[in-house]
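Results of the structural survey
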Amino acid sequence: MTLVLGGNIQLTGFRDLDPATLVIVKKVVGNFVKNVSTVTAFNSLNVTLKSVHEREKSEKYELHAHLKTDNKVHTSYVVERNLLVGLDAVLKKVEKEMRPRE
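**Overview of the overall build of the chain**
- Each helix and strand counted, the chain has 2 helices and 5 strands in total.
- Each principal axis of the C-alpha atoms in the chain carries an extent, and together these give about 40 × 30 × 20 Å.
- Taken over 102 residues, the chain has a buried fraction of 37%.
- Considering only contacts in the chain between residues 6 or more positions apart, those separated by 24 or more positions represent 39%.
- Summed over all atoms, the accessible surface of the chain reaches about 6,500 Å², with 49% contributed by carbon and sulfur.
- When the 16 basic and 12 acidic side-chain charges of the chain are each reduced to a single mean position, those positions are 2 Å apart.

Below is the structure:
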């Protein structure tokens with residue numbers, strides 16, 4: 001049930017997606033990791049997907065992101081109707097938590 005990308009990226013609950021959406025998810029996550037690794041020492045990322053409200057044309061997705069760096073674990077979650085919008089939002093939230101407060 002878990003897809004492993006590059007050894008340190010895990011996508012849990014994404015296996016049931018159609019292949020076209022899965023390609024987009026992998027690209028979004030890969031670009032996020034590339035951007036984060038330029039800012040801090042990146043250890044691993046785990047993104048978990050749960051379908052909360054399964055109805056035709058009215059699904060809700062719950063996404064959790066756990067980003068591990070050398071000195072801390074950063075987490076975030078979001079519930080969204082659109083999977084890709086939710087994925088973008090959860091990754092932006094975890095990135096915002098990772099950055100030092102100014």
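**Remarks on the side chain of Thr-48**
- Position of Thr-48 relative to the elements: it lies in strand S3 (residues 42-53).
- Looking at Thr-48, the relative accessible area reads 16%, which means it is buried.
- Discounting chain neighbours no more than four positions away, the residues touching Thr-48 are Thr-12, Phe-14, Glu-62, Leu-63 and His-64.

The rules behind the values
Residues numbered from 1 in each chain as written. Predicted model: local features only at pLDDT ≥ 70, side-chain atom pairs only at ≥ 80, totals over all residues. Heavy atoms only, no water. Helix = DSSP H or I, 4+ residues; strand = E, 2+ residues; numbered from the N terminus. Buried < 20%, exposed > 50% of the residue type's maximum accessible area, 1.4 Å probe, protein only. Contact = heavy atoms within 4.5 Å. Areas by Shrake-Rupley, 256 points an atom, 1.4 Å probe, with all protein chains shown as cover. Lys, Arg positive; Asp, Glu negative; His and termini not counted. Charge placed at Lys NZ, Arg CZ, Asp CG, Glu CD.

By themselves these figures say nothing about function.
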